[in-house]
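Structural overview
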Amino acid sequence: MSPTLLLNFHRFYELADEILEISGGTYLFKGLWFSNMDMWFTSDPENVHYITTTNYWNYPKGPESMQVFDTLGNSLFNLDFEEWTYYRGLLHGFFSHQKFHQFVPKVLVDNVNKGLVPFLEDVAKQALVVDLQDMFKRHIYDAACAIATGYNPKTLSIGFEENAFVRAMDDACVAMLTRHILPGRCWKLLRWLQIGSEKRLSVAKGTLRQIVTNYMATKREELSAGAKTKEDEETFDVLRSFLTINDVNDKEHPDEIVRDSTIGIIFAAYDTSSATLSWFFWLLSKNPHVETKIREELDSNFSVKEGQNWQLNSRKELSKLVYLHATLCETLRLYPPVPLQSRTPVRPDIFPSGHHVDPKAIVVLSGYAIGRMARVWGQDCHEFKPERWINEKGDLKYERSAKFFTFNAGPRICPGKEMAFSIMKAAATTILYNYHVQVVETRPVTPKASIILQMKHGLRARICSRWT
Ligand code: HEM
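All figures in this text were calculated on a predicted structure; none of them were measured in a lab. (Residues numbered from 1 in each chain as written. Predicted model: local features only at pLDDT ≥ 70, side-chain atom pairs only at ≥ 80, totals over all residues. Heavy atoms only, no water.)

Side note on the UniProt feature "binding site: heme" (unreviewed entry) in the chain
- Here the UniProt-annotated "binding site: heme" (unreviewed entry) positions come out as Cys414.
- On the secondary structure map, Cys414 appears in the loop between α17 (374–377) and α18 (417–434).
- For Cys414, the contacting residues outside a window of four places in its chain are Arg88, Phe407 and Asn408. (UniProt positions renumbered as here; feature names shortened; annotations may be inferred. Helix = DSSP H or I, 4+ residues; strand = E, 2+ residues; numbered from the N terminus. Contact = heavy atoms within 4.5 Å.)

Next up, the structure:
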């Protein structure tokens, strides 16, 4: 990695964005002479489309990525070629199963009404200041865990007790970004010596694996005992599917695949959606007119008696909320939870921008920079304007995924996009309809140096009921 980026580790994404804007969207960061680590950064949508879609097979994640992201082990994130095709198909099968379509909305509704709402009521009654980022992490972790394993750990409580999974994943995300930036030899030496972020990563990996291994053991016991209740019969979580549906050779899936896939799903769902909700509420605090417009939309869509709380009943009722959807898209454009993605070219190639790529270099696609480029989004690209997502007819405007790159593009596009919008809308609607959120900024709100774009110091806020 170049010395400039190394020295600016704390503002890694902003610096990469500035350099890409000046250089026209594609730039070669030369690695230190001993590091063998040249990196092509690009935020040019034509290159992004080419890499992720047109010439997709030349740009796998590669073996280096598997090493850097070893916390996610054999989950879909790290697989390539045939193995990826097989497990992507399997996940698609789970996600499109009729029972899964019934199970997920039930999880979402329960988690909001039995988890988030009682928590917010307590916070409002006690006039507490809470960290919204921590609150969203716990709330969405509970939902993600229920979807992935069938068990809701109910980690959202006023006491904010230690959440081992979330803590371990936070440590792992910081260490994984450090691995991107340090030459391979350096972080491998740190790993061997078991110091710094590498030491924390080893502990984190062990914790995550242990938590999910325990869920697997419990699930196996339950499955062998057979369904006891109607609820058991209706449950269709990812872990259950893995343990009950055999592979193409009619064999059980290897334990590591089941374990890592489960960790991968929880991570994919909770860290991304909770980061988005935190940025969303921070942006609303800076743009109160947007909050007013969302409230107007909620008022005109939901008929609730004056002075009473609105309660989420189904996922369907959220689909009418065009302006809320646009505001979430605008948040995701400016603060994509996965700001960078990397690929390793198999053969030498030439990008549509004319740059020659060597297989020795890593290709980095910067969703953070794409969302902030004037040549892509216009001169007002740094402004927070949900209206840019709505067309003249008042419908949502479609943007191609190489331009709105937040969910990736091409065959590896995020399979949880729809679910993510439902999770985020359910929480945002419940909060905005029933409560006032007053952000209390005691420290500057800046991104943390991590592979997920979280807030470095969290987001403290006071929450009051709108009706009392
Ligand atoms: C705001 C929320 C979300 C965002 C912005 C997001 C974004 C992304 C991105 C950028 C990738 C590609 C990452 C890479 O290849 O390096 C990805 C992959 C993935 N996402 Fe999401 N995601 C979100 C929510 C979810 C949810 C709720 C789920 C499912 C429960 C999910 C499941 C996955 C999976 C399984 C992959 C791996 C796909 C593959 O490699 O084929 N995501 N997501």
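Text resumes after the structure shown.
Thoughts on the pairing of strand β9 (residues 460–465)
- Alternating positions in β9 separate cleanly, Ala461, Ile463 and Ser465 being buried on one face and Arg460, Arg462 and Cys464 remaining unburied on the opposite face.
- Relative to β9, strand β3 (residues 129–131) runs antiparallel, the two sharing 3 bridges. Directly across from Asp131, in β9, lies its bridge partner Arg460.
- Of the pairings in the sheet, the one linking strand β8 (residues 435–439) to β9 comprises 5 bridges and is antiparallel in character. (Buried < 20%, exposed > 50% of the residue type's maximum accessible area, 1.4 Å probe, protein only. Pairing = 2+ DSSP bridges.)

Some points on the site of the ligand
- Taken together, 25 residues lie near the ligand, and Lys61, Trp84, Arg88, Arg412 and Cys414 sit nearest.
- Note that an oxygen atom of the ligand is positioned 2.6 Å from one of the side-chain N or O atoms of Lys61.
- Between Arg412 and the ligand, the recorded distance is 3.1 Å, taken from a side-chain N or O atom to an oxygen atom.
- Among the elements of the structure, α5 (81–96), α13 (255–286) and α18 are those that each provide at least two residues to the shell around the ligand.
- For the shell around the ligand, the element with the most residues is α13, which contributes 5 residues.
- Classifying every residue of the shell around the ligand gives 15 nonpolar, 7 polar and 3 charged. (Near = heavy atom within 4 Å. Polar contact = N/O pair within 3.5 Å; in protein donor to acceptor, adjacent residues only side chain to side chain. Nonpolar A, V, L, I, M, F, W, Y, C, P; charged D, E, K, R; others polar.)

A closer look at the environment of Pro336
- Tracing the backbone through its elements, the reader meets Pro336 in the loop between α15 (322–334) and β4 (340–343).
- Note: C-alpha distance between Pro336 and Phe407 (71 residues apart in sequence) is 8.3 Å.
- Not counting residues up to four positions away in its chain, the partners in contact with Pro336 are Gly367, Tyr368, Thr406 and Leu453.

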